[in-house]
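Structure assessment
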Amino acid sequence: MKFTEGMLRDDALKGKNILVTGGGTGLGRSMGEYFLSLGANLVITSRKLDVLEETAKEMMAIKGGKVIPVACDVREIAQVEAMWEKAKSELGQIHVVLNNAAGNFISPTERLSTNAFNTVLDIVLKGTSQVTLTAGKDWIAQKQPGNFLNIVTTYAWTGSGYVVPSAAAKAGVLALTRSLAVEWAKYGIRSNAIAPGPFPTEGAWSRLLPGDLVKKFDPARKVPVGRVGEHQELANLAAYLVSDFSAYVNGEVITIDGGEWLKGAGEFNNLDQIPQEMWDMMEASRGKKP
Ligand code: COA
């Protein structure tokens, strides 16, 4: 058994209709593909209908099932509401929402225009809230259980320079996740989050770390397990959280980062740069033989 293999049994998501925002590319697509192979039907959304249509075609050719592409800018409530109605008209009730759509600019904060800052806040926090409210109000009105899975990041709780609007917005999404997990549990609605560490994707990585930057700041070097994540690892965790196997998991954020953020947090963790010989010398200086 390898971590690059699918983990759940083939029918684990049979009969589930799952909405994946930002589902046309990257991690959203990888998670969606795995949901599909476990028997789910999907609605995938983003602003780019042509990309969504191509993705839907490719996914259905490989995995079967139904993939409905719906263009939606999550910043626009009218588009979110229209997307939700279209999703329901195509698939019937939607059972799971994966809030995955995001935007981010790596930049010194003082260089960001007000509009740039607001753009990230709007996509990440307002977009997630709007999709969540639209789905949640409908589920409550229909007396229908539901399940939210929100993609956040470890800097939602540590904060991080150079991605400040994203950090502020993701912290908000985490608070939304935990708050609604309690408030809406009485309606049979669960809310959980995943905080992924570095998982390479074509789009985000080339935009966030263009050119040689990805070599210079090789994210694998910061990860205690010594590598970046495989998409299937994230898909396995996401599939578990959207499935009924996780029925007792509510209000949780699960980190999947190979220990990356804790390495940055522990006061003495950078002592891993001390070579063995130096530890030997230190031991010897206290009179202990190496
Ligand atoms: N760094 C800093 N500011 C930037 C920027 C960058 N790389 N790219 C755009 N901006 C600024 C623009 O100058 C503009 O501000 P201004 O009006 O003051 O000049 C503001 O941000 C909005 O830019 P615009 O291009 O109009 O935004 P948009 O709404 O068309 O698209 C995104 C914004 C985030 C959706 C788009 O950049 C995108 O698709 N990004 C890819 C998704 C992504 O970031 N994924 C990573 C997920 S972690």
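Quantities reported herein were computed from a predicted structural model and do not represent experimental measurements. (Residues numbered from 1 in each chain as written. Predicted model: local features only at pLDDT ≥ 70, side-chain atom pairs only at ≥ 80, totals over all residues. Heavy atoms only, no water.)

**Observations concerning the overall build of the protein chain**
Helix and strand counts for the protein chain come out as 11 helices and seven strands. Scaling as 2.2 N^0.38, a compact globule of 290 residues should have a C-alpha radius of gyration of about 19 Å, and the protein chain matches this with 21 Å. C-alpha extents for the protein chain along the principal axes are approximately 75 × 50 × 40 Å. With 290 residues in all, the protein chain has 45% of them scored as buried. Taking all contacts inside the protein chain whose residues are at least 6 apart in sequence as the whole, residues at least 24 apart take part in 74%. Surface exposure of the protein chain reaches about 15000 Å², of which carbon and sulfur atoms provide 55%. (Helix = DSSP H or I, 4+ residues; strand = E, 2+ residues; numbered from the N terminus. Rg over C-alpha atoms; globule rule 2.2 N^0.38 Å. Buried < 20%, exposed > 50% of the residue type's maximum accessible area, 1.4 Å probe, protein only. Contact = heavy atoms within 4.5 Å. Areas by Shrake-Rupley, 256 points an atom, 1.4 Å probe, with all protein chains shown as cover.)

**Re the site of the ligand**
Of all residues adjacent to the ligand, which total 13 residues, the nearest are Arg47, Arg75, Asn104, Ser113 and Asn115. Within the side chain of Arg75, one N or O atom sits 2.9 Å away from an oxygen atom of the ligand. Ser113 is positioned with one of its side-chain polar atoms (N or O) 2.6 Å from an oxygen atom of the ligand. Here the ligand, which alone exposes 960 Å², has 55% of that area covered by the protein. Of the residues forming the shell around the ligand, the biggest block, four residues, is contributed by helix H4 (residues 114–141). Here the shell around the ligand is built from residues that sort into five nonpolar, five polar and three charged. (Near = heavy atom within 4 Å. Polar contact = N/O pair within 3.5 Å; in protein donor to acceptor, adjacent residues only side chain to side chain. Nonpolar A, V, L, I, M, F, W, Y, C, P; charged D, E, K, R; others polar.)

**Quick word on the nonpolar core**
Counting residues in hydrophobic clusters, the biggest one holds 33 residues, and the most contacted among them are Leu13, Ile18, Met31, Phe35, Leu42 and Ile194. Elements represented by at least two residues in this core include exactly strand S1 (17–21), helix H1 (26–37), strand S2 (41–46), helix H2 (49–63), strand S4 (96–99), strand S5 (146–151) and helix H9 (231–242). If one sorts the elements of this core by residue count, H9 sits on top with seven residues. In contact with Phe35, not counting residues within four places along its chain, are Leu13, Ile18, Val20, Ala40, Leu42, Leu98, Ala235, Ala238, Ala239 and Val242. In terms of nonpolar packing, the next biggest core, distinct from the first, is built from 22 residues, Ile68, Val74, Trp139 and Ile189 among them. (Core = buried A, V, L, I, M, F, W, Y, C linked by side-chain atoms within 4.5 Å.)

**Re the sheet that holds strand S6 (residues 189–196)**
Sheet architecture is open: seven strands sit in the order S3-S2-S1-S4-S5-S6-S7, paired in parallel fashion. Each having just a single partner strand, strand S3 (67–71) and strand S7 (253–256) make up the two edges of the open sheet. Between one strand axis and the next, the sheet turns through 20° on average, direction left out of account. Pairing between S5 and S6: six bridges, direction parallel. Paired with Gly146 across the strands is Ile189, a residue of S6. Contacting S2 and S3, H2 crosses the sheet at an angle of about 175° to S3. (Pairing = 2+ DSSP bridges. Axes fitted to C-alpha atoms, helices over the stretch in contact; angles between N-to-C directions.)

**Observations concerning unusual backbone geometry**
Despite not being glycine, Lys143 has its phi angle at roughly 55°, a positive value. Secondary-structure assignment places Lys143 in the loop between H4 and S5. Positive phi outside glycine occurs at Tyr162, with the angle close to 75°.

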